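Tertiary structure, described
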Amino acid sequence: MTERPVDELGYEQARDELAEVVRALEAGGLGLDESVALWERGEALARRCEEQLAGARERVQKVLGEAGSSD
């Protein structure tokens with residue numbers, strides 16, 4: 001399986017892959033190198049989710065600010 005770069009993933013894709021990473025790490029049975037690589041991918045995915053949520057929050061605040069200024 002070819003992993004897409006994290007910065008190309010949308011929120012839902014990153015969130016779903018992060019959930020898979022967590023499940024794999026919790027299940028155990030992985031070698032050290034594979035576990036560390038998975039952990040690193042999970043950290044990158046979590047950051048991507050946070051970025052996407054922050055962007056959405058800013059957009060909502062901007063719309064609310066524009067709506068409030070027209071009252």
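Preceding block: the structure.
Since the model is a prediction, treat every value here as computed from it, not as a measurement.

1. Some remarks on the pattern of salt bridges
For the structure on display, the rule yields 4 salt bridges. Ionic pairing is found between E3 and R41, a salt bridge with its closest N-O pair at 3.7 Å. Linking E3 in the segment before α1 (11–27) with R41 in helix α2 (residues 32–69), this pair joins segments that are 38 residues apart in sequence. For E3, a relative accessible area of 45% translates into the label partly exposed. Its salt-bridge partner being R41, residue E17 comes within 2.7 Å of it at the nearest N-O pair. Note that E17 is positioned in helix α1 and R41 in helix α2, a separation of 24 residues in sequence. Its relative accessible area of 16% is what places E17 among the buried residues. Within the structure, one salt-bridge network assembled from shared partners comprises E3, E17 and R41.

2. What to know about the nonpolar core
One finds V6, L9, A14, V21, L38, A44, L45 and C49 forming the largest nonpolar core, which totals 8 residues. Secondary structure elements with two or more residues in this core: α1 and α2. A total of 4 residues in this core trace back to one element, the largest contributor, which is α2.

3. Quick look at α1
Taking 1.5 Å as the rise per residue, α1 with 17 residues should run 24 Å; its terminal C-alpha atoms sit 24 Å apart, in good agreement. Along α1, the residues that are buried comprise A14, E17 and V21. Buried residues of α1, seen end-on, are gathered within an arc of 70° and therefore sit on one face of the element. Of the residues in α1, the exposed ones pointing more than 90 degrees away from the buried face are R23, E26 and A27. Where α1 is buried, its residues contact α2.

4. Examining α2
For α2, which comprises 38 residues, the first-to-last C-alpha distance of 55 Å matches the rise-based estimate of 56 Å (1.5 Å per residue) to within 8%. Every buried residue belonging to α2 is among L38, R41, G42, A44, L45, R48 and C49, and all of these are buried. Next to the buried residues of α2 lie α1.

Conventions used here
Residues numbered from 1 in each chain as written. Predicted model: local features only at pLDDT ≥ 70, side-chain atom pairs only at ≥ 80, totals over all residues. Heavy atoms only, no water. Salt bridge = Lys/Arg side-chain N within 4 Å of Asp/Glu carboxyl O. Helix = DSSP H or I, 4+ residues; strand = E, 2+ residues; numbered from the N terminus. Buried < 20%, exposed > 50% of the residue type's maximum accessible area, 1.4 Å probe, protein only. Core = buried A, V, L, I, M, F, W, Y, C linked by side-chain atoms within 4.5 Å. Expected span 1.5 Å × (residues − 1). Arc of directions from axis to C-beta. Contact = heavy atoms within 4.5 Å.

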